[in-house]
Amino acid sequence: MSLRETLIRNVDDAPLETSSRAPLYDGSRSAGVIGARQGLPGRKIGCGVDIVPPGKRACPYHFHYAQEEVFIVLEGQGTLRVAGEMLPIRSGDVIS
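Residues numbered from 1 in each chain as written. Predicted model: local features only at pLDDT ≥ 70, side-chain atom pairs only at ≥ 80, totals over all residues. Heavy atoms only, no water.

Chemist: What exactly am I supposed to notice about the overall build of the protein here?
Modeler: A tally of regular secondary structure across the protein gives 1 helix and 7 strands. The linear arrangement of helices and strands in the protein, starting from the amino end, is α-β-β-β-β-β-β-β. Buried residues in the protein amount to 12% of all 96 residues. Pairs at least 24 residues apart make up 32% of the contacts formed inside the protein by residues separated by at least 6 positions. (Helix = DSSP H or I, 4+ residues; strand = E, 2+ residues; numbered from the N terminus. Buried < 20%, exposed > 50% of the residue type's maximum accessible area, 1.4 Å probe, protein only. Contact = heavy atoms within 4.5 Å.)

Right, dumping it as structure tokens:
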């Protein structure tokens, strides 16, 4: 396997799964783009793609014990619900 094949994945190649949980939740999500599941060397890193339609939410309020998340807003604007607050977010924001 070449070094490129070992280290690089393209987000456009990630298959998207659409899910709808009316009335609040809707969108498309990849099973992951970066990490061990995709054969990359990073064992503790996970990265996916979420596409959230206007006025919808990506997922129910939750938290992780053993995983950290980073979000990069590529397009649009929305609201991040965290620690009991609703924070405005927009294109270009990086959230951890």
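Chemist: What should I look at first to understand unusual backbone geometry in this one?
Modeler: It is generally the case that most residues other than glycine have a negative phi and that most peptide bonds are trans. Following Ala22, the chain continues to Pro23 via a peptide bond in cis, the omega torsion being 0 degrees. Tracing the backbone through its elements, the reader meets Pro23 in the loop between β1 (16-21) and β2 (25-30). In this structure, Ala83 is a non-glycine residue whose phi angle is positive, near 50 degrees. Tracing the backbone shows Ala83 in the loop between β5 (77-82) and β6 (85-90).

Chemist: In this structure, what is going on with the sheet that holds strand β3 (residues 50-51)? I would like to understand it.
Modeler: Strand pairing in a sheet is mediated by backbone hydrogen bonds. Such pairs are either parallel or antiparallel. Ordered by their spatial adjacency, 3 strands build an open sheet running β1-β2-β3, and the pairing between neighbours is antiparallel. Each end of this open sheet is capped by a strand with a single partner; those strands are β1 and β3. As paired elements, β2 and β3 share 2 bridges and run antiparallel to each other. Of the residues in β3, the one forming a bridge with Arg29 is Asp50. (Pairing = 2+ DSSP bridges.)

Chemist: How should the environment of Ser28 be read in this particular structure?
Modeler: Note that Ser28 resides in strand β2. With a relative accessible area of 18%, Ser28 lands in the buried category. C-alpha separation for the pair Ser28 and Pro53, spaced 25 residues apart in sequence, amounts to 8.8 Å. Residues within four places of Ser28 in sequence aside, it is in contact with Leu16, Glu17, Thr18, Val49, Asp50 and Ile51. Reaching out from Ser28, the side chain makes a polar contact with the side chain of Thr18 at a distance of 3.3 Å. (Polar contact = N/O pair within 3.5 Å; in protein donor to acceptor, adjacent residues only side chain to side chain.)

Chemist: Would you mind showing me how to read the pairing of β2 here?
Modeler: Consecutive side chains along a regular strand alternate between the two faces of the sheet. Pairing analysis gives 6 bridges linking β1 to β2, with the strands arranged antiparallel. If you follow Leu16 over to β2, its bridge partner there is Ser30. Connecting the antiparallel pair β1 and β2 is a turn made up of 3 residues.

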